[in-house]
Amino acid sequence: MNALEMRQVSKKYWIHTNRNTMVLNNIDIVLGKNEFVGIMGTSGSGKTTLLNVASGIDKCDGGDIFIGGQNICAMKKNELSLFRRNHIGMVFQDFNLLSSLTVRENIMVPLILDKNTEKLEGDDVERLAKMLDIGSILDQYPYEISGGQQQRAAICRAIINDPEILFADEPTGNLDSQSSKRVLSYFELIHQTREASILMVTHDPFSARHCQRVIFLQDGSVLGEISRQSSDKESFMNRILDVLQRGHI
Ligand SMILES: Nc1ncnc2c1ncn2[C@@H]1O[C@H](COP(=O)(O)OP(=O)(O)OP(=O)(O)O)[C@@H](O)[C@H]1O
């Protein structure tokens, strides 16, 4: 069963100067189980829109999107909200933690919404926080910790419900290079130790080199993709840079 299948997905925006502007054009993307895939492309090519429709944040105007074999485009609003809570994790550039809650409470939000007493009473939050090296700051508030620590808390929150797929939109966009490296190493750890697939939008070839495969968007269409054949991230980064410079695969 694939983690994600986007079949002929399109999305238009109503823009008063140019009505019904097509932002995504017949997108076909498949993510197998436990894949770590990047999405790259120039500014305005549709990366965030793609992530938003793939994760059910936004509705597409045509095509179908299957997550773990279930068509999210056919779901009613409440059904989709429940499905998203149980099957999808989201990580954003600006962390999106609730400032009035501690790190522990932020991570627990999906469990509380889901009334998951088993996990709430167990030690899942502690174990996960320890894995991402934020075990010692669970009782602090977001404004008391660094950006990198906030992002690692947001990652814990995104995976506490064991989603099939984790969507990340520029997860290192607000971080310095050391914190970025650390966050990316935890994405790799999650990819290696859990069954989740990861789809990550990034501008940054240094981040994208951690992916197994990078899909390039251009003007709302898939330009093509390249795969990393080995553990050699440096040569993969050079191939990514080459595609970005030439504008074709
Ligand atoms: N809510 C909206 N209403 C109208 N147009 C939008 C909306 N959101 C995005 N767009 C337009 O859709 C196009 C794609 O935007 P999107 O944010 O998906 O691109 P992106 O590749 O993620 O860009 P960036 O790398 O700059 O974040 C752009 O032309 C943008 O102006």
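If you're wondering where the values come from, they're calculated on a predicted model, not measured in any experiment. (Residues numbered from 1 in each chain as written. Predicted model: local features only at pLDDT ≥ 70, side-chain atom pairs only at ≥ 80, totals over all residues. Heavy atoms only, no water.)

Caption draft 1: Region of interest: the side chain of His210. Its location among the elements puts His210 in the loop between helix H8 (205-208) and strand S9 (213-218). Sequence-distant contacts of His210, that is, excluding residues within four places in its chain, are made with Phe36, Leu184, Glu188, Arg228 and Lys233. (Helix = DSSP H or I, 4+ residues; strand = E, 2+ residues; numbered from the N terminus. Contact = heavy atoms within 4.5 Å.)

Caption draft 2: Representation of the layout of surface pockets. Put simply, the largest pocket is a space of about 500 Å³. Around the largest pocket, the lining is made up of 16 residues, and of these Arg84, Arg85, Ile88, Met90 and Pro110 lie nearest the centre. Where the lining of the largest pocket is concerned, the elements lending two or more residues are helix H2 (77-87), strand S6 (88-91), helix H3 (103-113) and helix H6 (147-159). Broken down by class, the residue content of the lining of the largest pocket amounts to 9 nonpolar, 4 polar and 3 charged. There is about 170 Å³ of room inside the second largest pocket. Lining of the second largest pocket is provided by 14 residues; of these, Lys33, Pro163, Glu164, Glu195 and Ala196 occupy positions nearest its centre. Residue composition of the lining of the second largest pocket, by class: 5 nonpolar, 4 polar and 5 charged. (1 Å grid on protein atoms, 1.4 Å probe; cavity = no way out; pocket = protein on both sides within 12 Å on 5 of 7 lines; lining within 4 Å. Points joined across faces, edges and corners; volume = space filled by probe spheres on them. Nonpolar A, V, L, I, M, F, W, Y, C, P; charged D, E, K, R; others polar.)

Caption draft 3: The arrangement of the packing of H3 against H6 in detail. Direction vectors running N to C along H3 and H6 enclose 25°, while the axes themselves pass 7 Å from each other. The angle between H3 and H6 places the two elements in the roughly parallel class. Considering the relative orientation of H3 and H6, their crossing is right-handed. Between H3, through Val103, Asn106, Ile107 and Pro110, and H6, the contact on the second element is made entirely by Ala153, Cys156 and Arg157. Within the contact of H3 with H6, the residues separate by chemical class into 5 nonpolar, 1 polar and 1 charged. (Axes fitted to C-alpha atoms, helices over the stretch in contact; angles between N-to-C directions. Parallel < 35°, antiparallel > 145°, perpendicular 65-115°, else oblique. Left-handed = near helix turned anticlockwise from the far one by under 90°.)

Caption draft 4: Summary view of the sheet that holds strand S8 (residues 197-201). If you walk across this open sheet you meet the 6 strands as S6-S7-S8-S3-S9-S10, and the pairing is mixed. Taken across any chain shown, the strands that pair with only one partner, and hence form the sheet edges, are S6 and strand S10 (221-227). Each strand of the sheet is rotated relative to its neighbour by a mean of 20°, with strand direction disregarded. As paired strands, strand S3 (residues 36-41) and S8 are joined by 4 bridges and run parallel to one another. Considered in S8, the bridge of Phe36 is made with Ile198. Helix H7 (residues 177-193) rests against S3, S6, strand S7 (165-169) and S8 of the sheet, and its axis sits at about 155° to S8. (Pairing = 2+ DSSP bridges.)

Caption draft 5: Focus on the site of the ligand. What surrounds the ligand is the set Tyr13, Ile15, Val23, Thr42, Ser43, Gly44, Ser45, Gly46, Lys47, Thr48, Thr49 and His203. Side-chain polar atom of Lys47 to an oxygen atom of the ligand: 2.7 Å apart, as the coordinates give it. Contact with the protein chains covers 58% of the free accessible surface of the ligand, which is 640 Å². Of all the secondary-structure elements, those providing two or more residues to the shell around the ligand are strand S1 (4-15) and helix H1 (47-54). Take the shell around the ligand: its biggest share by element is 3 residues, from H1. For the shell around the ligand, the residue count by class is 3 nonpolar, 8 polar and 1 charged. (Near = heavy atom within 4 Å. Polar contact = N/O pair within 3.5 Å; in protein donor to acceptor, adjacent residues only side chain to side chain. Areas by Shrake-Rupley, 256 points an atom, 1.4 Å probe, with all protein chains shown as cover.)

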